[in-house]
Amino acid sequence: QRLTASHQTNSLLLELQRVARPLHSRHIRSSKTDDTHSALGDVLRGQGHIAGNTVLQIKLGVIVVALLNVIVLEFALRRDAAAAKGAALASIVLWLAVAALGRLIAYF
């Protein structure tokens with residue numbers, strides 16, 4: 001009976017240690033052994049193949065152009081209605097292109 005109680009106590013302690021471990025150490029395999037690694041590194045580990053995706057690179061470029069267009073649109077709204085309309089149309093086209101390119105990433 002004493003052996004059983006000791007075994008139950010040990011089992012309980014092992015279970016508490018398992019549950020008390022941080023989430024990342026239980027579910028994410030990391031090449032680092034300490035707790036100083038970043039969560040972003042865990043998320044991006046093994047995702048290097050997508051960085052070379054041409055469609056993704058084009059999408060990121062279009063996002064940069066669209067963000068620059070937002071700045072142009074802000075200044076155009078203060079000065080000229082025709083320029084503001086052109087910038088607004090460009091903004092719609094650019095953001096639709098970003099959405100379409102995002103969908104195409106999986107196929108290229």
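For the structure itself, look to the data block above.
Cut-offs applied
- Residues numbered from 1 in each chain as written.
- Predicted model: local features only at pLDDT ≥ 70, side-chain atom pairs only at ≥ 80, totals over all residues.
- Heavy atoms only, no water.
- Helix = DSSP H or I, 4+ residues; strand = E, 2+ residues; numbered from the N terminus.
- Polar contact = N/O pair within 3.5 Å; in protein donor to acceptor, adjacent residues only side chain to side chain.
- Contact = heavy atoms within 4.5 Å.
- Axes fitted to C-alpha atoms, helices over the stretch in contact; angles between N-to-C directions.
- Parallel < 35°, antiparallel > 145°, perpendicular 65-115°, else oblique.
- Left-handed = near helix turned anticlockwise from the far one by under 90°.
- Nonpolar A, V, L, I, M, F, W, Y, C, P; charged D, E, K, R; others polar.
- Buried < 20%, exposed > 50% of the residue type's maximum accessible area, 1.4 Å probe, protein only.
- Expected span 1.5 Å × (residues − 1).
- Core = buried A, V, L, I, M, F, W, Y, C linked by side-chain atoms within 4.5 Å.

**Examining the side chain of N53**
Consideration 1: Checked against the element boundaries, N53 lands in the loop between α4 (48–51) and α5 (54–79).
Consideration 2: Within the local environment of N53, its side chain forms a polar contact with the backbone nitrogen of V55, the two atoms lying 2.9 Å apart.
Consideration 3: At 3.1 Å, the side chain of N53 forms a polar contact with the backbone oxygen of F108.
Consideration 4: Those residues within four positions of N53 in sequence are excluded, and the remaining contacts are I105 and F108.

**Focus: the environment of I105**
Consideration 1: Along the chain, I105 falls in the segment after α6 (81–104).
Consideration 2: I105 has contacts with I50, N53, V55, L56 and K59, leaving out every residue within four places of it along the chain.

**Describing the packing of α5 against α6**
Consideration 1: Put simply, α5 and α6 touch, their axes get as near as 8 Å, and they point 160 degrees apart. Classified by the interaxial angle, the pair formed by α5 and α6 is roughly antiparallel. The two elements α5 and α6 cross, and the hand of that crossing is left-handed.
Consideration 2: The residue makeup of the contact of α5 with α6, split by class, is 23 nonpolar, 3 polar and 2 charged.

**Looking at the environment of G86**
Consideration 1: One can find G86 in helix α6.
Consideration 2: With a relative accessible area of 40%, G86 lands in the partly exposed category.
Consideration 3: Taking the C-alpha atoms as reference points, G86 and A76, 10 residues apart in sequence, are found 9.1 Å from one another.

**Here's the deal with α5**
It helps to recall that an α-helix has 3.6 residues per turn; residues three or four apart then point in one direction.
Consideration 1: Along its 26 residues, α5 runs 37 Å from first to last C-alpha, staying within 8% of the 38 Å computed at 1.5 Å per residue.
Consideration 2: For α5, the complete set of buried residues consists of V55, L56, V62, A66, N69, L73 and A76.
Consideration 3: At the N-terminal end of α5, a side-chain oxygen is found 2.9 Å from the backbone nitrogen of V55, two or three residues along, and the residue is N53.

**A few points about the nonpolar core**
Consideration 1: Core analysis: the biggest nonpolar cluster contains 8 residues, these being V55, L56, V62, A66, L94, V98, L101 and I105.
Consideration 2: Ranked by the residues each element gives to this core, the list is headed by α5, at 4 residues.
Consideration 3: Once residues lying within four places of it in the same chain are set aside, the contact partners of V62 are L94, A97, V98 and L101.

**Let's talk about α6**
Consideration 1: Spanning 24 residues, α6 covers 35 Å between terminal C-alpha atoms, matching the ideal 34 Å at 1.5 Å per step.
Consideration 2: Inspection of α6 places A84, A87, S91, L94, V98 and L101 among the buried residues, and these make up the whole buried set.
Consideration 3: Regarding α6, its N-cap is D80, as a side-chain oxygen of that residue lies 3.4 Å from the backbone nitrogen of A82 further along.

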